[in-house]
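# What the coordinates show
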Amino acid sequence: MNGLSISQLCCLFCCPPCPSRIAAKLAFLPPEPTYAMVPEPDPVGSTGSLRGAAGRWKLHLKDRADFQYSQRELDNIEVFVTKSSRGNRVGCMYVRCVPGARYTVLFSHGNAVDLGQMSSFYIGLGTRINCNIFSYDYSGYGVSTGKPSERNLYSDIDAAWQALRTRYGISPENIILYGQSIGTVPTVDLASRYECAAIVLHSPLTSGMRVAFPDTKKTYWFDAFPNIEKISKITSPVLIIHGTEDEVIDFSHGLALFERCPKAVEPLWVDGAGHNDIELYSQYLERLRKFISQELASQRN
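Everything quoted here is computed from the prediction, not taken from an experiment.

Per-residue pLDDT for the protein chain averages 88, and the proportion of residues at 70 or more is 86%. Scored below 50 in pLDDT, residues 9-17 makes 12 contacts in the model with residues more than four places away or belonging to other chains.

With that settled, the discussion passes to the layout of surface pockets. The calculated volume of the largest pocket comes to roughly 370 Å³. Around the largest pocket sit 15 residues that line it, and Asn-111, Val-113, Gln-180, His-275 and Asn-276 are the ones nearest its centre. Residue composition of the lining of the largest pocket, by class: eight nonpolar, six polar and one charged. In terms of lining, the second largest pocket is formed by 14 residues, of which the most central are Arg-210, Pro-214, Asp-250, Ser-252 and His-253. Breaking the lining of the second largest pocket down by element, the ones donating at least two residues are α8 (208-212) and α10 (251-260). Residue contributions to the lining of the second largest pocket peak at three residues, all from α10. Here the residues of the lining of the second largest pocket sort into five nonpolar, four polar and five charged.

The next thing to look at is the pattern of salt bridges. Per the counting criterion, the structure on display carries seven salt bridges. Note that Glu-78 is salt-bridged to Arg-96, the shortest N-O span being 3.6 Å. Of the two residues, Glu-78 sits in strand β3 (residues 77-83) while Arg-96 sits in the loop between β4 (89-95) and β5 (104-108), which places them 18 residues apart along the sequence. Owing to a relative accessible area of 42%, Arg-96 belongs among the partly exposed residues under this scheme. Among the ionic pairs, Lys-230 bridges to Asp-189, the shortest N-O distance being 2.7 Å. A residue pair is termed long-range when its members are at least 10 positions apart, and Lys-230 in helix α9 (residues 227-230) and Asp-189 in helix α7 (residues 184-191) qualify at 41 residues. Residue classification places Asp-189 among the buried positions, given a relative accessible area of 10%. Through salt bridges with shared partners, a single network forms among Asp-158, Asp-189, Arg-193 and Lys-230.

Another point: unusual backbone geometry. With a phi angle near 65°, Asn-130 is a residue other than glycine that sits in the positive phi range. Along the polypeptide, Asn-130 turns up in the loop between α5 (115-129) and β6 (132-136). For Asn-130, a relative accessible area of 47% puts it in the partly exposed group. We note that Ser-203 has phi near 55°; this positive angle belongs to a residue other than glycine.

Overall, the coordinates contain 16 aromatic pairs when judged by the stated rule. Considering the side-chain rings of Phe-28 and Phe-225, the 6.2 Å spacing of their centres and the 90° angle between planes classify their relative orientation as edge-to-face. In this pair, Phe-28 sits in the loop between α2 (19-26) and β1 (35-39) while Phe-225 sits in the loop between α8 and α9, placing the two residues 197 residues apart along the sequence. One exposure class covers both Phe-28 and Phe-225, and it is buried. Measuring from centroid to centroid gives 6.1 Å for Phe-80 and Phe-134, while their planes differ by 45°, and the two rings are tilted. Remark: Phe-134 occurs in strand β6 and Phe-80 occurs in strand β3; sequence separation between them is 54 residues. You can call Phe-134 buried: its relative accessible area is 0%. Clustering of aromatic rings is evident, with ring pairs tying together Phe-80, Tyr-94, Phe-134 and Tyr-168. For the cation-ring pair, Arg-167 lies above Phe-80, with the distance from its terminal atom to the ring centre recorded as 3.8 Å.

Calculation criteria
Residues numbered from 1 in each chain as written. Predicted model: local features only at pLDDT ≥ 70, side-chain atom pairs only at ≥ 80, totals over all residues. Heavy atoms only, no water. pLDDT = per-residue confidence, 0-100. Contact = heavy atoms within 4.5 Å. 1 Å grid on protein atoms, 1.4 Å probe; cavity = no way out; pocket = protein on both sides within 12 Å on 5 of 7 lines; lining within 4 Å. Points joined across faces, edges and corners; volume = space filled by probe spheres on them. Nonpolar A, V, L, I, M, F, W, Y, C, P; charged D, E, K, R; others polar. Helix = DSSP H or I, 4+ residues; strand = E, 2+ residues; numbered from the N terminus. Salt bridge = Lys/Arg side-chain N within 4 Å of Asp/Glu carboxyl O. Buried < 20%, exposed > 50% of the residue type's maximum accessible area, 1.4 Å probe, protein only. Phe/Tyr/Trp six-rings, centres within 6.5 Å; stacked < 30°, edge-to-face > 60°. Lys NZ or Arg CZ within 6 Å of the ring centre and 35° of its normal.

Right, dumping it as structure tokens:
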């Protein structure tokens, strides 16, 4: 999330823009790609991009991805591209962390990162919470084509959801949706339309206008990312995690979503944590483990 200049604030007040323009100003900072997908040779000898589109890709990480593991772990990462309903190619990553894991986490990452930078985190997280991780890059991030926009966010996660279900045969009751920061936007939207095992909202926002103008009390027609209006439609258990000293998305956003969400479980408010360091606190993994291994398991039995 970026702060707005005085001139931009005046423009918002005087000429409310369309949601896509709010989204562009507040949210999207795609980094220079930290990875590439290299088509693997076709074993039957045919050529062409369709063979790559079918899934035979190899992940090539650049130095800026700062990969923390060995080739063995890298070999457990599968990458491919799928296509969204809006015509964009969406880069996807499936990290096999735990053989026979009950749950797969569909992870929507934060801003200013891509799959290459997140790959080490996914391995560490999945191993520690006993889940496999499936993730994707938003339009305009990593190898995904198109431009970042609110509408593309929703079609991007739809494409990822469909790929996870059809390519890997994962049923919704075994999928945990996890959104971090801007990633809570597509996560909440998808969760409001489909039932799944659970949802985790990490440093979530209520809406774009409420980030730009903290005193905003209602959702205007030109607002973007209206999580606050969609969260009441979610029918799966929701765990909300937020740092009390979040300098990007104020802690009040997490509180407001918790109060509005009928399916919320005990939240995790991390005292003293900011926007980008919650994972460094021990209670982060402790709460996730309890939620997944105990609370969800008791609901299924």
